[in-house]
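Now for the letters of each chain:
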Amino acid sequence: MVETLPLFLFLKFTRNRNYRIKLPVMKKALLFFFTIQAFVVFGQNNHKAFISERLLAEIEKDPDGWHHIGLQLEDRINVKDMDLQMTAENASIRERHVRVIKALKDKAAATQAPILKKLEGNPLAQQKTINTYWIANSIFLRAKKELIFELAERPDIKGIDLNAKLELVEYIEESCEAAPPPSPGGVEPGLLAINADKMWKMGYTGAGRIAMGADTGIDPFHPSFSSRYMGWYKDAGQTWYEWDPNNTFPSDCDGHGTHTLGTMIGLDRMMDDTIGVAFNANWIGALIICGFSPGTEDNIGSFEWAIDPDGDPNTIDDIPDVINNSWRDPSLQNECESVYVDVLQAMEAVGISVIFSAGNSGPGVSTLTPPHNINYDLVNVFSVGALNANNQNLPIANFSSRGPSICGDTGSLAIKPEVSAPGVSVRSAYPDGEYNLLSGTSMAAPHVAGAILLLREAFPDVLGREIKMALYMSARDLGDPGEDNVFGMGIIDVKAAFDWLVDQGYTPANPYVSNDVMIIKADIREFYCNSTVYPSYLVENMGTDTLRTLDIVMNFPEIPSSQTYTWTGELLPGERTMIQVDGFNLIPGQWDMIVDLENPNSVTDARPYNNRLISEVKVTDRPSIIAYVADHPDGTVCENTRALLRNEFTYPSGNITYEWYDAQAGGNLVGTGQAFLTPPLTESTTYFADALVEFQTAPADTSIGDFAYPPISIGGLRMDVQSDFLLKSFTVYANRTGARTVEIKDINGEVLTSRVFNVNQIGKNVINLDWTIPAGNNLRMELVSGPSLGYSRNGGEFPYELQDVVSITEGTIQSGNNPFFYFYDWRIEQRDICGRTRVDVNVDPGGQAPEPSFTPSVRTVDVLNDPTVMFTNTSIGTGTWNWNFGDGNFSTDENPTHTFTDIGVYIVSLTMTSTDGCTASVIDTITVMDSSSGTKDLVDLSGQVKVFPNPTTGNIFVTTAFTKPEEVNLWIGDMLGRTYRQVNKTVYPGDRFEMNLNDLAPECM
């Protein structure tokens, strides 16, 4: 059946200015093009539908099985002719979008209905697998062979093919060469080879354009492009396509898709390391090669989705400017007339550029992988060969597939690939924030895709076909003179393509806007304590006006809650600043935080798709470390004075080691103990108080229930880990000695970490591990090899939990009433999750610092037998005295007496203030024992505790011979009784631990 439409003439001239005609193939010049076309559809005929050989082979292999097939209908819109008509009418991209989609949908609705009626309820068709596609007027389903042959008799079906798996165009991982990390100001050589840097200098960076990767997926959190995922701004259904409807968020099942997107748009803004051509473009994506992808049907579905992601043909700001493809349909039969022809014609008609890697099957002739041989016009399909941009001669890669096309024709239409681009040892993004060196035409194609994004920013109203033509006509010739089947037209030159379009009469857009602010990163703490959140944000002024005001809007949709912080200041164009918002209260929990930068200079942001980040914040009501300069409310001390700092951190349970550092993160350990006396200070100095806490959780022994040894190693424990911790040890019970293996697995059963430990004796064994356990929900700790261990078949009182650290929720196997498997008495060590507390010590020049000193009557007392200590002031000079006994009691007497009531190690300080207002401090340690509790001074443990080497110039090792856990207070001091290092610990039988003293000054040793 032929549709009757007006006959029209189409006459087109293209000007030959400022570019070289590549001889001898004169057809490339496109000097004159004249066609007379009637807008018709492919007519129907009465012959049987074509059944592909690969489908027939599948039926022969499994004659009684279900076969996943695709039906290509006979009656289809001739989109190529429709495209010519819209070109003659100078239709806008929006008009094209509406008209093409409406025509395709109307045709599919009218012609698919009789076939769907035939399939409805048919027992030879799996009803849930029937899917229709209007972009290529096709139907996919699973069917029995009888139905397939019956459908082949229908005159309204042109062909029936197997829905086969797609494959990646093979690529090479440079495994012998590690990818260099990001380098400040780095630019990949391939980007320079195509002259992308010349476009950047003109201001064109891809801003406002959208790239789409149809590949193995994408890691959405890679720092080189994470902030530019359109899914942060739009619904997931408009920004990510995947066959499995339950997977609505980007992921990468191989790494290849992340790598190709990085070459298109990648930039690590913190390092200013550029791996991508159009580093300010945004992105959407589709996972079509691995995962749950069924094959050809999934691929057609992704193209149909991409042509109208939001389902509204009247909108065009959601459609990608370019789609990069590195897949092949390996057993596709008759690719030259396949369903992909209709699909690609439709994409081109609405203005989308589609780019393909040529394939890595070279160097033989006609080795392009299907469907890259399609050649119904000069630039569709636009295939890309790979050359080596690390070599100044730009040689072709041996693996790069060559032409001519197997689809026939003569002259330029027969020559493949169309162009070439860098594709050897290309460094780009890789999942989990990594980088990798890969080689292949898969690496070359995204260079072209990125170039298209730059050109679309410069010429937003120019069709994708014309953009591809510009790259084609302006390519720099390589290899044999003129176009050839190795390089095509040569290496792309994006600046030359820009000039070519200008020569055609197109006017480039201004790349600059007045008010545009970009968010670079959010500085988020691992935990926010005291139910108070205070993030900070690094922002950049991308506009041409100085930025003076900005709203930072933080939304917490799960609560719901919203906070707005208004920044004022002065930020010049191109400058960055870190903005610290005021602290605000938030309900404890784990929440998604969406931050938007709004109203730069009190106007609407000209480019709104670069000002949003989504972060996760963890909030707890747990108190932060309280630290301060003792006896100095304003933190100011006199010059050459040793400031006394105190750490008042407490925790409901657990032994605490107090530490002092010279940096917020990392840095040097400069002191330990609840009180820290600084060196004499000559300038203002900042210190940071930290706390290392040791906890115990899980039952301590097997008395919680009926105890047994299973015949084999089965089961384990489930747990939710809120924050990383160090598992110092656990206790196991054994009826056989030997090695065991225990693993931590995630919710999907993937092994995150494992340890092998040896059981040396029958019965109870304390296993020292020092094993870092990562954060994650529904983790499993399982015994996976070795002889079984003892477990309690019932009686577990779950959960066993430590706030904000870990919750042991249940056994992995419910073989009784709350069984507890194997791993008893966990000893956990963790730095305080609230982080270090800053203490600023301000130094006031001048004044004479006093020289305080004192002598306690005794340094060890028994809480049951006169725990009173007399302190004799031996300071030089006069003034006032402030005593802090370390237990919450104070005195201003010159020679006080104090009675201690609780066991512990107390740091007593004397702060003396001279008559001119300068102060200085001195400290000493008092140990309070309870003779009835079994707590012992080290003096009484000479046979049970050994320290070596002693004396020492570095680390020391402490070993114990305890028969049961002991609460001990350990400290390092000199012969004068001065204390330099203190640790409060629970020491277990057989413990051997190390104390690092390398940070102590030589005079302290």
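Since the structure is predicted, the reported quantities are computational estimates derived from the model, not experimental observations.

Student: How do you make sense of the sheet that holds strand β52 (residues 868-873) when you look at a structure like this?
Tutor: Sheet strands pair by backbone hydrogen bonding; their relative direction is either parallel or antiparallel. The antiparallel open sheet is built from 3 strands, whose spatial order is β50-β52-β55. Two strands lie at the open edges of the sheet, namely β50 (854-856) and β55 (897-899), each paired on one side alone. Going from strand to strand, the sheet's axes swing by 20 degrees on average, the running direction of each strand aside. Direction of pairing for β50 relative to β52: antiparallel, over a ladder of 3 bridges. If you follow Phe 854 over to β52, its bridge partner there is Asn 873.

Student: Looking at this model, I keep getting lost on the packing of helix α11 (residues 464-474) against helix α12 (residues 494-503). Mind explaining?
Tutor: Axis angle and axis distance: for two packed helices, these are the angle between their axes and the distance between the axes, and together they describe the pair. Following both chains from N to C, one finds α11 and α12 inclined at 115 degrees, their axes separated by 8 Å at the closest point. Between α11 and α12, the angle falls in the class roughly perpendicular. The hand of the α11/α12 crossing is right-handed. Across the interface between the two elements, Glu 466, Ile 467, Met 469, Ala 470, Leu 471, Met 473 and Ser 474 of α11 pack against Val 494, Ala 496, Ala 497, Trp 500 and Leu 501 of α12.

Student: Any chance you could explain the sheet that holds strand β6 (residues 138-143) here in plain terms?
Tutor: Strand order in the open sheet formed by 5 strands is β3-β7-β4-β6-β5, with mixed pairing between adjacent strands. Unpaired on one side and paired on the other, β3 (50-51) and β5 (131-133) mark the two borders of the sheet. Note that β5 and β6 share 3 bridges and pair antiparallel. Residue pairing in the sheet places Thr 132 in a bridge with Ile 139 of β6. Contacts from helix α8 (residues 296-306) reach β4 (67-73), β5, β6 and β7 (157-162), with the element oriented near 50 degrees to β5.

Student: Quick question: what am I supposed to make of helix α3 (residues 93-119) here?
Tutor: In an α-helix there are 3.6 residues to a turn, and that puts residues three or four apart on one side. For α3, spanning 27 residues, the distance from its first C-alpha to its last is 37 Å, which sits close to the expected 39 Å at 1.5 Å a residue. Along α3, the sharpest change in direction is near 45 degrees and occurs at Gln 112; proline Pro 114 comes one to four residues later.

Student: I keep staring at a nonpolar patch on the surface and nothing clicks. Help me out?
Tutor: On the surface, a cluster of nonpolar side chains totalling about 230 Å² of accessible area is made up of Ile 712, Ile 714 and Ile 813. The topology assignment puts Ile 712 in the loop between β38 (707-708) and β39 (716-721). Residue Ile 712 is classed as exposed on the basis of its relative accessible area of 53%.

Student: What is the right way to look at the pairing of strand β24 (residues 536-541) in this model?
Tutor: As a general feature of sheets, a regular strand has side chains that alternate between the two faces. For β24, the buried fraction is high: 6 of the 6 residues fall into the buried class. Neither face of β24 is left uncovered, since the one carrying Ser 536, Leu 538 and Glu 540 and the one carrying Tyr 537, Val 539 and Asn 541 both have all their residues buried. Here 6 bridges tie strand β22 (residues 517-523) to β24, and the two strands are oriented antiparallel to one another. Bridging from a neighbouring strand, Lys 521 pairs with Leu 538 of β24.

Student: Quick question: what am I supposed to make of the side chain of Ser 138 here?
Tutor: Following the sequence through the fold, Ser 138 ends up in strand β6. Apart from the residues lying within four places of it in its own chain, the contact partners of Ser 138 are Leu 71, Leu 73, Gln 112, Asn 131, Thr 132 and Tyr 133.

Student: Teacher, can you tell me more about empty space enclosed by the protein here?
Tutor: Sizing a probe to match a water molecule and rolling it over the atoms shows the empty space that remains. One pass over the structure, following the stated rule, counts 4 cavities of 30 Å³ or more. Lining the largest cavity, in full, are Arg 76, Ile 77, Val 79, Leu 104, Lys 107, Ala 108, Trp 134, Ile 135, Ala 136, Asn 137 and Asp 342. The element best represented in the lining of the largest cavity is α3, accounting for 3 residues. Tallied by class, the residues present in the lining of the largest cavity amount to 7 nonpolar, 1 polar and 3 charged.

Student: How should the side chain of Asn 611 be read in this particular structure?
Tutor: By secondary structure assignment, the location of Asn 611 is in the loop between β29 (589-598) and β30 (612-619). Using a relative accessible area of 5% as the deciding quantity, one classes Asn 611 as buried. Side-chain polar atoms of Asn 611 contact the backbone oxygen of Leu 597, separated by 3.0 Å.

Student: Got a minute to help me understand the nonpolar core in this structure?
Tutor: Note that soluble globular proteins tend to have their nonpolar side chains buried in a common cluster. Judged by nonpolar contacts, the single largest core of 73 residues is most densely connected at Ile 265, Val 448 and Leu 455. With 10 residues, helix α10 (residues 441-458) is the single largest residue contributor to this core. Beyond its immediate sequence surroundings of up to four residues, Ile 265 is in contact with Ala 211, Ser 224, Phe 225, Arg 228, Gly 276, Val 277, Ala 278, Phe 279, Ala 281, Asn 282, Trp 283 and Leu 453.

Student: Just to check I follow, could you spell out unusual backbone geometry for this structure?
Tutor: Peptide bonds are, in most cases, trans, and in most cases residues other than glycine have a negative phi. Residue Pro 404 is reached from Gly 403 by a cis peptide bond, and omega for that bond is 5 degrees. That bond from Lys 416 to Pro 417 is cis: its omega, -10 degrees, falls within 30 degrees of zero. Mapping Pro 417 onto the fold places it in the loop between β18 (382-387) and β19 (419-422). A positive phi is found at Asn 530, a non-glycine position, where the angle reads about 60 degrees. With respect to the helices, strands and loops of the structure, Asn 530 is situated in the loop between β22 and β23 (532-533).

Definitions and cut-offs
Every chain's residues receive numbers from 1 upward, in the order its sequence appears when written. Owing to the predicted nature of the model, reporting of local features is limited to residues with pLDDT of at least 70; listing and counting of side-chain atom pairs is limited to 80 or more, with chain, interface and lining totals taken over all residues. Side-chain measures were taken over the full set of non-hydrogen atoms in the model, leaving aside hydrogen atoms and water. When DSSP finds two or more bridges between a pair of strands, those strands are recorded as paired. Strands are runs of DSSP state E lasting at least 2 residues, helices are runs of H or I lasting at least 4, and numbering of each runs from the N terminus. Axis geometry follows a simple rule: fit a line to the C-alpha atoms, using only the stretch in contact for helices, then measure angles between N-to-C directions, giving values from 0 to 180 degrees. Under this scheme an angle from 65 to 115 degrees is roughly perpendicular, one under 35 degrees roughly parallel, and one over 145 degrees roughly antiparallel; angles in between are oblique. Whether a crossing is left-handed or right-handed is set by the direction in which the near helix is turned from the far one by less than a right angle, anticlockwise for left-handed and clockwise for right-handed. Any two residues having at least one pair of non-hydrogen atoms within 4.5 Å are treated as being in contact. Here, expected helix span is obtained from the residue count minus one, scaled by 1.5 Å. By definition, a residue's bend is the angle between the axes fitted to the seven residues ending there and the seven starting there. Nonpolar side chains (Val, Leu, Ile, Met, Phe, Trp, Tyr) within 5 Å and like charges within 9 Å form the patches, drawn only from residues with over 30% relative accessible area and no salt bridge. The Shrake-Rupley method, run with a 1.4 Å probe sphere, supplies the accessible areas, and residue values consider only the shown protein chains as cover. When a carboxyl oxygen of Asp or Glu is within 4 Å of a side-chain nitrogen of Lys or Arg, the pair counts as a salt bridge. Buried residues are those whose accessible area, probed at 1.4 Å on protein chains only, stays under 20% of the maximum for their type, while exposed residues exceed 50% and partly exposed ones sit between those limits. Using a 1 Å grid laid over the protein atoms alone, points where a 1.4 Å probe fits but cannot get out form a cavity; open sets with protein on both sides within 12 Å along at least 5 of 7 lines form a pocket; any residue with an atom within 4 Å of a point counts as lining. Grid points are joined across faces, edges and corners, and a volume is the space filled by probe spheres set on the points. Side-chain classes are defined by residue name, with Ala, Val, Leu, Ile, Met, Phe, Trp, Tyr, Cys and Pro counting as nonpolar, Asp, Glu, Lys and Arg as charged, and the others, Gly among them, as polar. Residues adjacent in sequence count toward polar contacts only when both atoms are side-chain atoms; beyond that, a polar contact is any pair of N or O atoms within 3.5 Å, and within protein one must be able to donate a hydrogen and the other to accept it. Throughout, nonpolar core names a set of buried Ala, Val, Leu, Ile, Met, Phe, Trp, Tyr and Cys residues whose side chains join them through atoms within 4.5 Å.

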